[in-house]
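# Coordinates in review
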Amino acid sequence: MNTQVITKFKIQKSANDVFNAIVDPNKIGHFWFSSSSERWEQGKTIILKYDEYEAEGAINVLEIEEGKKIVFSWGAEHGEETVVTITLKELEQSTTIIEINETGLKADDPEIVNKMLGQKEGWVYMLTCLKGYLENGASNLRASLIH
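So, here's what we can say about the structure.

Conventions and cut-offs
Residues numbered from 1 in each chain as written. Predicted model: local features only at pLDDT ≥ 70, side-chain atom pairs only at ≥ 80, totals over all residues. Heavy atoms only, no water. Core = buried A, V, L, I, M, F, W, Y, C linked by side-chain atoms within 4.5 Å. Buried < 20%, exposed > 50% of the residue type's maximum accessible area, 1.4 Å probe, protein only. Helix = DSSP H or I, 4+ residues; strand = E, 2+ residues; numbered from the N terminus. Contact = heavy atoms within 4.5 Å. Axes fitted to C-alpha atoms, helices over the stretch in contact; angles between N-to-C directions. Parallel < 35°, antiparallel > 145°, perpendicular 65-115°, else oblique. Left-handed = near helix turned anticlockwise from the far one by under 90°. Phe/Tyr/Trp six-rings, centres within 6.5 Å; stacked < 30°, edge-to-face > 60°. Salt bridge = Lys/Arg side-chain N within 4 Å of Asp/Glu carboxyl O.

## Side note on the nonpolar core
Counting 36 residues, the largest nonpolar core has Phe-31, Trp-32, Trp-40, Phe-72, Ile-98 and Leu-130 as the members making the most contacts within it. At the level of elements, strand S1 (5-11), helix H1 (15-23), strand S3 (45-50), strand S4 (55-65), strand S5 (69-74), strand S6 (82-92), strand S7 (95-103) and helix H2 (112-136) are the ones that each hand at least two residues to this core. Element by element, the count of residues in this core is highest for H2, at 9 residues. If we skip the residues at most four places from it in the chain, Ile-98 touches Thr-7, Lys-8, Phe-9, Ile-11, Val-18, Ile-22, Ile-86, Thr-87, Leu-88, Leu-127 and Leu-130.

Below you can see the structure in the form of C-alpha cells.
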C-alpha cells in the first residue's frame, strides 16, 4: 500500500514569499503553529508549539533549498517518524504551486487509513491558512480546526 500523502495548492505569491512564511519564526504563527523556536535551517532541530492545544514537537530540518524546497522529519518522539517534503514551483513571479509530500506512514498500522486521512486534512487546512495569510493578510484562521 502506498502510504504517502500529497497535497498541492496554488498561492498567488512568489515562491520566496511562500518559503519565508514557513521558515521565518515571525511569520509561521500567522497561519500554522503558534511559534517556532528559530528560523528553519538545514541540520537544525526546531521546536514548534501549538499554544491552543498545549502541544509542542520537534522537527529535524533535513534539507533547505532557498525558495524551492524544505525537507524535515517529525514524529520520532512518538515512534511514528515521517518525512515531509515541501516543494515550491514558481509559475510566474506572483504565482506558486506548493506541494507537500509526507512519507513514512506504516502500511501495517491498523489505523493507517485514519492517519492518512488526518494528515491529508491537516495539510489541506494548513495550506488554506497559508493562502489566506499570504494573499489576504488573514491571520485568524489557524487553530480553528476542532477535533
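## Some points on unusual backbone geometry
Negative phi values dominate among residues other than glycine, just as trans dominates among peptide bonds. Even without being glycine, Glu-54 reaches a positive phi, approximately 50°. Structurally, the position occupied by Glu-54 is in the loop between S3 and S4.

## Describing the packing of H1 against H2
Interhelical geometry of H1 versus H2 gives an angle of 120° and a closest axis separation of 11 Å. Looking at the two axes, H1 sits oblique to H2. Note on packing geometry: the crossing formed by H1 with H2 is right-handed. Together, Asp-17, Val-18 and Ala-21 of H1 and Leu-130, Tyr-133 and Leu-134 of H2 make up the contact between the two elements.

## Considering the packing of aromatic side chains
Under the criterion given, the structure shown has 11 aromatic pairs. For the ring pair Tyr-50 and Tyr-53, a centre distance of 5.2 Å and an interplane angle of 75° mean the geometry is edge-to-face. Taking relative accessible area as the criterion, Tyr-53 reaches 37% and is therefore assigned partly exposed. Of the aromatic side chains, those joined through ring pairs into one cluster are Phe-31, Trp-32, Phe-33, Trp-40, Tyr-50, Tyr-53, Phe-72, Trp-74, Trp-123 and Tyr-133.

## Structural notes on the pattern of salt bridges
Counted by the stated rule, this structure contains 9 salt bridges. As a salt-bridge pair, Glu-63 and Lys-69 come within 3.6 Å of each other at their nearest N and O atoms. Among the residues examined, Lys-69 registers a relative accessible area of 24% and is labelled partly exposed. Here Lys-131 ties to Glu-135 by a salt bridge, and the two come within 2.8 Å at their closest N and O atoms. Of this pair, Lys-131 and Glu-135 both sit in helix H2, 4 residues apart, which is roughly one turn of the helix. Exposure remark for Glu-135: the relative accessible area of 27% places this residue in the partly exposed category.

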